[in-house]
Amino acid sequence: MTDPAMQLLRPEYLDATGLKVTNPADGSEVATIRSYNGAELTGIVDRAEAARHEWAARTAKERSDVLRAWYNLMCIEADALARLMTLESGKPLDEARGEVKYAAAFVEWFSEEARRAYGEVIPPHAAGKRIVTLRQPVGTCAAITPWNFPLAMITRKVGPALAAGCSIVVKPAALTPLSALALENLAHQAGVPQDLFRVAPAIRSSEAGDVFCTHPMVRKISFTGSTEVGKVIMAKAADQVKRLSLELGGNAPFIVFDDADLDSAVDGAMASRFRNAGQTCVCANRFLVQAGVHDAFVERLTARVAALQVGDGVENPSGMGPLISDKDANRVADLVKEAEAQGASKAGKAPAIPEQGAFHAPLVLTGVTTDMAIAHEEIFGPVAPVIRFTDESEAMRIANDTPFGLAAYVYTADFARQWRVMEGLEYGMVGVNDGLISTEVAPFGGVKESGFGREGSSHGLAEYMNIKYCLIGGLER
Ligand code: SIN
């Protein structure tokens, strides 16, 4: 253990016979950590359930102060957290630092929201009665989080859970458990009780899912990941009618109209498509570009893509990193090959990529049609497929013709069209003349097969609270 960032990991996290974590930039081993089996996870949930009552009994201010202390420690350790994230996920250091800030912002936000979990006093329907609502913590929660944002997807679940007075057990992605464990360590140092919030890596993900779905004390599960796995969790959790928040797959359209500010659209396209090497659920997955600006947009986008520096995330901190695994790089390459065989073509010259590691060159693909797999499958890689359209109704038809409904983007200078398209897109989030919509202050979440439930904003806290309606009678004068 030579890297100083490893000092954020407590010795008990490591286990030479456990889960091996490797760097996707070169396949080297980063650490081998303890993995929990089903029986051990059950014990962790039991202890979380026992811990939650004392935490819920604290005042909102006391909970808020502990969350604020955790936020402060995250800021102090930001560089080390970012470095751990780069080593395990390949995300370039600058982006990793950005994610640490983003992750910490959820903890800060929910430290503030903790004090605003207000109930209501409702004018009664009859004399001698009073109606109030209380907002109470849902209880013990479980979360299953992905590898693409190893910290932020945890804090936007754990922040509101703790703020609400719940306990929570997180199974992080098996590919990126190190920064998650470091986060747990900092939370405990900040005063979060040990059993109240646990990060429990598990080699056998489905075993963890089974414990979470069947343990009677788990009252809520929050999952970020694929639609396929989300459906399995939903079916298994149905037996105990558990509360769920599901943030699932996306197929975001990015629509550019003839009247758009093209420089701004290209900036937005770069930020949206190539952030995290294209591995985000809200990434622009297909570019719908109106015929009048199609060629100019492709030319400008291609020039920007050609200038991307691709390499190891430590040595190339401001460029683009590898994908999470060789398997994923090959999957993206297959999607591109299939599209080319069906008539699509690569625009311009793609940047060079390292020979070793899970790299895929960033590229723009033109001549894409809606029947190609690349136009309707979530790519999760640095490829920008461009589809030409002629008018607004065609763009809307193509954009909404998908079972997914997470994020969508539109670029147009026409104010009336901004509203028309924004309202007509069947998505949970819409960026108008902006390609980066994620922030702790807004309610992130999807519709249709992209899931339900909101993360961030005051809605994010409501996901971890039950409403109790109380009628007080016998108050006649
Ligand atoms: C995701 O990819 O699931 C989240 C991306 C974000 O928060 O911006």
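Residues numbered from 1 in each chain as written. Predicted model: local features only at pLDDT ≥ 70, side-chain atom pairs only at ≥ 80, totals over all residues. Heavy atoms only, no water.

Looking now at the sheet that holds strand S16 (residues 429–432). In spatial order, the strands read S12-S13-S14-S11-S10-S15-S16; together these seven strands make up an open sheet with mixed pairing. Strands at the two margins of the open sheet, each flanked by one partner only, are strand S12 (345–347) and S16. The mean angle between the axes of side-by-side strands here comes to 25 degrees, regardless of whether they run parallel or antiparallel. For strand S10 (residues 252–256) and strand S11 (residues 284–290), the ladder comprises five bridges, and the chain directions are parallel. Looking across to S11, one finds that proline 253 is bridged to arginine 286. Here helix H13 (residues 392–400) sits on the sheet and contacts S10, S11 and strand S14 (383–389); the angle it forms with S11, its principal contact strand, is near 165 degrees. (Pairing = 2+ DSSP bridges. Helix = DSSP H or I, 4+ residues; strand = E, 2+ residues; numbered from the N terminus. Axes fitted to C-alpha atoms, helices over the stretch in contact; angles between N-to-C directions. Contact = heavy atoms within 4.5 Å.)

Along its 13 residues, helix H9 (residues 262–274) runs 17 Å from first to last C-alpha, staying within 8% of the 18 Å computed at 1.5 Å per residue. Within H9, burial applies to Leu262, Ala265, Val266, Gly268, Ala269, Met270, Ser272, Arg273 and Phe274. The residue sitting at the N-terminus of H9 and contributing the capping side-chain oxygen is aspartate 261; that oxygen lies 3.1 Å from the backbone nitrogen of aspartate 263. Just past H9, the residue asparagine 276 takes up positive phi, approximately 55 degrees. (Expected span 1.5 Å × (residues − 1). Buried < 20%, exposed > 50% of the residue type's maximum accessible area, 1.4 Å probe, protein only. Polar contact = N/O pair within 3.5 Å; in protein donor to acceptor, adjacent residues only side chain to side chain.)

Take the environment of arginine 97 next. Take arginine 97: it is sitting in helix H4 (residues 93–113). A relative accessible area of 36% means that arginine 97 is categorised as partly exposed. Along the primary structure arginine 97 and alanine 117 are separated by 20 residues, whereas in three dimensions their C-alpha atoms are 31 Å apart. Within the structure, the side chain of arginine 97 is placed 3.3 Å from the side chain of aspartate 79, a separation counted as a polar contact.

So, on to the sheet that holds strand S7 (residues 197–199). Pairing in this open sheet of six strands is mixed, and the strands run S7-S6-S5-S8-S9-S17 from one edge to the other. In the strand order of this sheet, the two ends are held by S7 and strand S17 (451–452), each with one partner. In the sheet, strand S8 (residues 218–224) pairs with strand S9 (residues 243–247) via five bridges, with the strands oriented parallel. Within S9, the residue paired with serine 222 across the bridge is serine 245.

Let us look at the packing of helix H3 (residues 78–89) against H4. It is the contact of H3 with H4, at a shortest axis distance of 8 Å, that shows an interaxial angle of 125 degrees. Classified by the angle their axes make, H3 and H4 are oblique. The handedness of the crossing between H3 and H4 is right-handed. For the pair H3 and H4, contact is made by Ala78, Asp79, Leu81, Ala82, Arg83, Met85 and Thr86 and by Leu93, Ala96, Arg97, Glu99 and Val100, respectively. Across the contact of H3 with H4, the residue classes tally to seven nonpolar, one polar and four charged. (Parallel < 35°, antiparallel > 145°, perpendicular 65-115°, else oblique. Left-handed = near helix turned anticlockwise from the far one by under 90°. Nonpolar A, V, L, I, M, F, W, Y, C, P; charged D, E, K, R; others polar.)

One way to put it is that helix H2 (residues 60–76) packs onto H4 with a least axis distance of 8 Å and a crossing angle of 165 degrees. Viewed along their axes, H2 and H4 adopt a mutual orientation that is roughly antiparallel. H2 and H4 meet at a crossing whose hand is left-handed. Of the residues in H4, those in contact with Ser64, Leu67, Arg68, Trp70, Tyr71 and Met74 of H2 are Val100, Ala103, Ala104, Val107, Glu108, Phe110, Ser111 and Glu112.

Glancing now at the pattern of salt bridges. As enumerated under the stated definition, the model contains 31 salt bridges in all. Here arginine 420 makes a salt bridge to glutamate 392, at a shortest N to O gap of 2.7 Å. With arginine 420 in helix H14 (residues 415–424) and glutamate 392 in helix H13, the pair connects residues that are 28 residues apart, well separated along the chain. Sharing partners across several salt bridges, the network here consists of Arg10, Glu12, Glu184 and Arg198. (Salt bridge = Lys/Arg side-chain N within 4 Å of Asp/Glu carboxyl O.)

How two aromatic rings sit relative to each other is set out by the distance from centre to centre and by the angle between their planes. Applying the stated criterion across every chain, the model contains eight aromatic pairs. Seen in terms of ring centroids, phenylalanine 254 and phenylalanine 287 are 4.9 Å apart; in terms of plane orientation they differ by 50 degrees. Their pairing is tilted. On the criterion of sequence distance, the pair formed by phenylalanine 254 in strand S10 and phenylalanine 287 in strand S11 is long-range, its members being 33 residues apart. What makes phenylalanine 254 buried here is its relative accessible area of 0%. (Phe/Tyr/Trp six-rings, centres within 6.5 Å; stacked < 30°, edge-to-face > 60°.)

All right, on to the domain arrangement of the protein then. Parsing the protein into structural domains produces domain 1 (4–248 + 450–469) and domain 2 (252–443). A straight line from the C-alpha centre of domain 1 to that of domain 2 covers 30 Å. In this assembly, 32 residues from domain 1 lie in contact with 34 residues from domain 2. The junction of domain 1 with domain 2 conceals about 2600 Å² of combined surface from both sides, 60% of it contributed by carbon and sulfur atoms. Where domain 1 meets domain 2, there are zero salt bridges. Considering every element that reaches the side of domain 1 that touches domain 2, the biggest residue donor is H4, with seven residues. The residue inventory of the side of domain 1 that touches domain 2, partitioned by class, reads 13 nonpolar, eleven polar and eight charged. (Domains from an automatic or database assignment. Buried area = accessible area lost by both parts, 1.4 Å probe.)

What follows covers the site of the ligand. The immediate surroundings of the ligand are formed by 13 residues, with Tyr102, Glu247, Arg275, Cys281 and Ser438 found nearest. Arginine 156 is positioned such that a nitrogen or oxygen atom in its side chain is 3.1 Å from an oxygen atom of the ligand. The separation between an oxygen atom of the ligand and a polar side-chain atom of serine 438 is 2.4 Å. Coverage of the ligand by the protein chains reaches 100% of its 260 Å² of free accessible surface. The class makeup of the residues in the shell around the ligand is six nonpolar, four polar and three charged. Two domains each donate at least three residues to the shell around the ligand, and these are domain 1 (4–248 + 450–469) and domain 2 (252–443). (Near = heavy atom within 4 Å. Areas by Shrake-Rupley, 256 points an atom, 1.4 Å probe, with all protein chains shown as cover.)

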